[in-house]
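Next come the chains, spelled out residue by residue.
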Amino acid sequence: MSDALNGAVRALDGVRILDFTHVQSGPTCTQLLAWFGADVIKVERPGVGDPTRGQLRDLPDVDSLYFTMLNHNKRSITLNTKSEKGKAVLERLVEHCDVLVENFAPGALDRMGFSWERIQEINPRMIYASVKGFGPGPYEDLKVYENVAQCTGGSASTTGFDDGPPMVTGSQIGDTGTGLNLALGIVTALYQRERSGRGQRVLAAMQDTVLNLCRVKLRDQQRLAHGPLKEYPQYPNGTFGEAVPRAGNASGGGQPGWIVKCKGWETDPNAYVYVITQAAIWGKLCKAIGKDEWIEDPDFATPEARLPKIEHIFDTIEAWTKTRTKFDVMAALNPLGIPCGPILSMKELAEEPSLRATGTVVEVDHPTRGKYLTVGNPIKMSDSPTEVLRSPLLGEHTDEILHELGFGDNEITAAREDGAI
Ligand code: CAO
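What you see is a predicted model, and the numbers here were worked out from it, not measured in a lab.

Quick notes on the site of the ligand
- Close to the ligand lie 24 residues, the nearest being Lys82, Arg111, Lys143, Val144 and Asp175.
- In this structure, Arg45 approaches the ligand through a side-chain N or O atom, which is 2.9 Å from an oxygen atom.
- Burial of the ligand by the protein amounts to 84% of the accessible area it has alone, namely 950 Å².
- Judged by its atoms lying within 2 Å of the grid points, the ligand is housed in the second largest pocket.

The structure is reproduced here in structure tokens:
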């Protein structure tokens with residue numbers, strides 16, 4: 001914690017995390033725990049570190065944004081956990097910490113000699129939390145990255161347009177989504193440990209997370225047995241097969257919605273707005289777009305009557321939105337209570353002052369890369385302030401942590417000479 005927090009107490013102060021995570025899913029989880037005050041000790045391979053340190057680099061020989069944006073507020077220790085001296089340090093860390101978080105390929109920790117049984121022997125209060133691609137079953141041994149999870153969890157088959165291939169989304173629902181679930185599992189296990197005195201295993205599988213986020217699509221799969229999905233663009237003219245089809249930009253809820261063009265769309269790829277034709281504001285929407293006659297017209301007056309003409313309705317809305325910028329559309333529709341949202345580019349989000357004010361977008365200074373933007377803690381708590389601190393350099397805290405674990409200078413020198421740290 002730095003001086004900026006003025007000694008404020010945070011929710012997870014005093015909780016020690018042995019962070020064996022890498023890439024995105026696991027690091028998202030431990031970063032959140034660090035923002036809530038946990039002491040997160042990131043264990044990295046000597047000389048190499050988390051592979052993302054070197055991936056997608058924008059500056060030569062500097063930790064990538066990929067790494068820095070996922071590893072704030074952590075300490076880094078280098079450790080070769082396959083060497084004898086490294087294993088001894090790892091054992092001490094297991095004794096010292098409350099939670100071990102890992103997202104290795106299945107079985108990697110067992111191959112290092114640290115099975116769940118062994119960890120319980122060393123520290124029965126240890127919470128052992130893992131991200132894996134799949135839960136128990138035919139795919140449990142597979143390595144998994146983000147898009148594999150999106151494809152196997154139901155997201156890709158339900159994303160995109162009906163006449164196109166399955167699509168992945170830019171949201172990292174498999175990685176960051178699973179990291180969020182794991183964080184919830186960990187704090188829940190910490191809470192249970194208060195009463196039971198015991199640690200436990202926590203597993204968040206990426207396929208499960210994506211399917212959980214696609215819950216409404218499994219809802220629709222079951223509705224299909226009872227007739228067409230009337231809010232889907234395939235209704236009434238297209239056909240439905242055996243599985244939930246891709247719904248383009250349809251809203252997925254009971255209120256029809258679509259993305260429509262705004263002024264400048266010919267040159268600006270993000271000059272669009274999402275408009276929802278919520279039943280409650282139908283009259284106001286008609287007036288706003290100059291179609292007052294639709295309010296009483298029985299062909300348009302009820303949601304049921306509108307559904308078969310929904311494409312025509314959104315074309316008419318679009319003829320109106322195309323004469324205004326997306327922000328003008330917002331300014332006109334918001335006061336009427338019409339749900340809508342501009343398609344905001346990453347550039348617009350990075351520059352948005354209100355997101356800076358809430359700490360959702362934060363500027364961080366880094367000793368080798370200088371200033372950069374990151375996404376701060378998305379969860380705001382009134383009694384646990386978040387301060388976003390830069391990510392650690394590889395092995396920056398090795399000696400400090402080894403001293404805390406009780407190792408003396410001579411032992412540290414010997415471990416270094418051995419290549420164990
Ligand atoms: N010291 C010594 N060895 C270390 C070490 C350390 N500090 N840290 C890691 N290693 C070893 C591991 O023990 C493993 O060795 P074995 O294969 O001999 O057991 C090896 O490094 C590689 O680890 P890995 O299998 O986890 O890494 P990978 O690059 O082969 O696979 C990934 C990466 C992400 C596909 C895999 O870890 C995985 O499927 N994880 C679970 C799902 C997940 O989190 N995916 C999301 C990733 S973000 O998109």
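Details of the pattern of salt bridges
- Summed over all chains, the structure comprises 23 salt bridges.
- Note that Asp13 and Arg10 form a salt bridge whose closest N and O atoms lie 3.1 Å from each other.
- Classification of Arg10 as buried rests on a relative accessible area of 11%.
- The partner of Lys371 in a salt bridge is Asp365, with the nearest N and O atoms 3.6 Å apart.
- Using a relative accessible area of 56% as the deciding quantity, one classes Lys371 as exposed.
- Put simply, Asp39, Arg75, Glu400 and Glu404 are held in one network by salt bridges that share partners.

Considering a nonpolar patch on the surface
- A contiguous nonpolar surface patch, about 240 Å² in accessible area, is contributed by Leu180, Ile379 and Met381.
- Of note, Met381 is situated in the loop between strand E11 (370-375) and helix H16 (398-404).
- Given a relative accessible area of 40%, Met381 falls into the partly exposed group.

Considerations on the side chain of Thr398
- Within the secondary structure, Thr398 is located in helix H16.
- Among all residues touching Thr398, those that are not within four sequence positions of it are Ser76, Ile77, Thr78, Arg416 and Ile421.

Some words on the sheet that holds strand E8 (residues 272-276)
- Spatially, the three strands line up as an open sheet ordered E7-E8-E9, and their pairing is antiparallel. Each edge of the open sheet is held by one strand with a lone partner, namely strand E7 (257-261) and strand E9 (340-342). Along the sheet, successive strands turn relative to each other by an average axial angle of 20°, direction set aside.
- Examined bridge by bridge, E8 and E9 share three bridges and lie antiparallel to one another. Pairing of Val273 across the sheet is with Pro342, part of E9.
- Against the sheet, helix H12 (residues 310-321) engages E7 and E8, with an angle of about 40° to E7.
- Each of E8 and E9 is contacted by helix H13 (residues 326-333), which is oriented at about 155° to E9, the strand it contacts most.

Observations concerning unusual backbone geometry
- Between Tyr235 and the following residue, Pro236, the backbone shows a cis peptide bond with an omega angle of 0°.
- Tracing the chain through its elements places Pro236 in the loop between helix H9 (215-223) and E7.
- Within the chain, Asp61 stands out as a residue other than glycine whose phi angle is a positive 55°.
- Within the secondary structure, Asp61 is located in the loop between strand E2 (39-44) and helix H2 (65-68).
- Residue classification places Asp61 among the exposed positions, given a relative accessible area of 70%.
- A positive phi is found at Asn73, a non-glycine position, where the angle reads about 60°.
- Here Asn73 lies in the loop between H2 and strand E3 (74-78).
- What makes Asn73 buried here is its relative accessible area of 14%.

Conventions we followed
- Residues numbered from 1 in each chain as written.
- Predicted model: local features only at pLDDT ≥ 70, side-chain atom pairs only at ≥ 80, totals over all residues.
- Heavy atoms only, no water.
- Near = heavy atom within 4 Å.
- Polar contact = N/O pair within 3.5 Å; in protein donor to acceptor, adjacent residues only side chain to side chain.
- Areas by Shrake-Rupley, 256 points an atom, 1.4 Å probe, with all protein chains shown as cover.
- 1 Å grid on protein atoms, 1.4 Å probe; cavity = no way out; pocket = protein on both sides within 12 Å on 5 of 7 lines; lining within 4 Å.
- Sits in = over half its atoms within 2 Å of the grid points.
- Salt bridge = Lys/Arg side-chain N within 4 Å of Asp/Glu carboxyl O.
- Buried < 20%, exposed > 50% of the residue type's maximum accessible area, 1.4 Å probe, protein only.
- Patch = residues over 30% accessible without salt bridge, like charges linked within 9 Å, V, L, I, M, F, W, Y side chains within 5 Å.
- Helix = DSSP H or I, 4+ residues; strand = E, 2+ residues; numbered from the N terminus.
- Contact = heavy atoms within 4.5 Å.
- Pairing = 2+ DSSP bridges.
- Axes fitted to C-alpha atoms, helices over the stretch in contact; angles between N-to-C directions.

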